[in-house]
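A closer look at the structure
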Amino acid sequence: LAQGAMGSEWGKALTLRQNVTKDVALQGKIVKMKYEPKPNAFSIPVRVYYEDTDAGGVVYYANYLKFFERCRTEWMRFAGHDQSALASEAGIGFVARKASCEYLKPARLDDELVVGLEVEKLTRVRVVFRQHVRRGDVELVTGTVEIACVNMSTMTPSAIPDFLHQKLEAPK
């Protein structure tokens, strides 16, 4: 995403989306979800494009992992860090270690989706996310993704730097 006006508008949309989620939970409205959102929940809007679909007209199953990745990347930016800066300045990066998905219902061309995450577990080297894709109140896909912090030069495990670890901590 470009910096400037587009970046600030995107940030407003992300913040608004988070506030709406919190307001709904606080007002006691019942939403059919597999899991109740935690305080560290984060989400982004995603529209389904033709390139995301398969011959049957539904989102190709592997593309949900791309949606999950986009959400994690925007979450990291929202926390004040982008992947390229972490690589060049701190010498670290994050790689996928494990992923699993449960496909509940299909998304289709032009659907407006919400892709979200919660930090499920945080160690010195790994972060486990619970992620989901929803269309309105309907949960379409749930999943768990585990990422590991690595030294970009050696591609070996590396501790998440303290300045970043503090921002990523899941509530106890």
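As for its placement among the helices and strands, His-132 is situated in strand β4 (residues 126-135). On the basis of relative accessibility, which here comes to 11%, the residue His-132 falls in the buried class. A distance of 2.8 Å separates polar atoms of two side chains, one belonging to His-132 and the other to Arg-134. Excluding residues that lie within four positions of it along the chain, His-132 makes contacts with Phe-68, Val-114, Val-115, Gly-116, Leu-117, Glu-139, Val-141 and Thr-142.

So, on to helix α2 (residues 63-78). For α2, which comprises 16 residues, the first-to-last C-alpha distance of 23 Å matches the rise-based estimate of 22 Å (1.5 Å per residue) to within 8%. Within α2 the residues assigned to the buried category are Asn-63, Tyr-64, Phe-67, Phe-68, Cys-71, Arg-72, Thr-73, Glu-74, Trp-75 and Met-76. The positive-phi residue at the C-terminal boundary of α2 is Gly-80, with phi of around 100°.

Turning our attention to the pattern of salt bridges. Taken as a whole and judged by the stated rule, the model has ten salt bridges. Note that Glu-69 and Arg-72 form a salt bridge whose closest N and O atoms lie 2.5 Å from each other. Of this pair, Glu-69 and Arg-72 are both found in helix α2, three residues apart, which corresponds to roughly one turn of the helix. Overall, Arg-72 belongs to the buried group, its relative accessible area being 8%.

Here we come to a nonpolar patch on the surface. Taken together, the side chains of Tyr-60, Tyr-61 and Tyr-103 define a hydrophobic patch exposed on the protein surface, amounting to about 330 Å² of accessible area. Secondary-structure assignment places Tyr-61 in the loop between β1 (42-47) and α2.

Looking now at the environment of Val-145. As for its placement among the helices and strands, Val-145 is situated in strand β5 (residues 138-151). According to the relative accessible area criterion, Val-145 is buried, its value standing at 2%. Expressed as a C-alpha distance, the spacing of Val-145 and Ala-96, which sit 49 residues apart in the sequence, is 7.3 Å. Once residues lying within four places of it in the same chain are set aside, the contact partners of Val-145 are Phe-68, Arg-72, Lys-98, Ala-99, Val-127, Val-128, Phe-129 and Gln-131.

Let us now look at the environment of Leu-140. Of note, Leu-140 is situated in strand β5. If sequence neighbours within four positions are ignored, Leu-140 has contacts with Glu-102, Tyr-103, Leu-104, Lys-105, Pro-106, Ala-107, Leu-113, Val-133, Arg-134 and Arg-135.

Our next topic: the packing of aromatic side chains. By the definition in use, this model includes six aromatic pairs. Relative to Phe-78, the ring of Phe-42 lies with its centre 5.3 Å away and its plane at 45°, an arrangement referred to as tilted. Of the two residues, Phe-42 is situated in strand β1 and Phe-78 in helix α2; the sequence distance between them amounts to 36 residues. A relative accessible area of 2% places Phe-42 in the buried class. Here Phe-78 falls in the partly exposed class, since its relative accessible area comes to 41%. A centroid spacing of 5.8 Å and a plane angle of 55° characterise the contact between Tyr-64 and Tyr-103, whose relative ring orientation is tilted. Taken together, the positions of Tyr-64 in helix α2 and Tyr-103 in strand β2 (residues 92-103) put the pair 39 residues apart, joining distant regions of the chain. By the ring-pair criterion, three or more aromatic residues cluster together here, those being Tyr-60, Tyr-61, Tyr-64, Phe-67 and Tyr-103.

About the cut-offs
Residues numbered from 1 in each chain as written. Predicted model: local features only at pLDDT ≥ 70, side-chain atom pairs only at ≥ 80, totals over all residues. Heavy atoms only, no water. Helix = DSSP H or I, 4+ residues; strand = E, 2+ residues; numbered from the N terminus. Buried < 20%, exposed > 50% of the residue type's maximum accessible area, 1.4 Å probe, protein only. Polar contact = N/O pair within 3.5 Å; in protein donor to acceptor, adjacent residues only side chain to side chain. Contact = heavy atoms within 4.5 Å. Expected span 1.5 Å × (residues − 1). Salt bridge = Lys/Arg side-chain N within 4 Å of Asp/Glu carboxyl O. Patch = residues over 30% accessible without salt bridge, like charges linked within 9 Å, V, L, I, M, F, W, Y side chains within 5 Å. Areas by Shrake-Rupley, 256 points an atom, 1.4 Å probe, with all protein chains shown as cover. Phe/Tyr/Trp six-rings, centres within 6.5 Å; stacked < 30°, edge-to-face > 60°.

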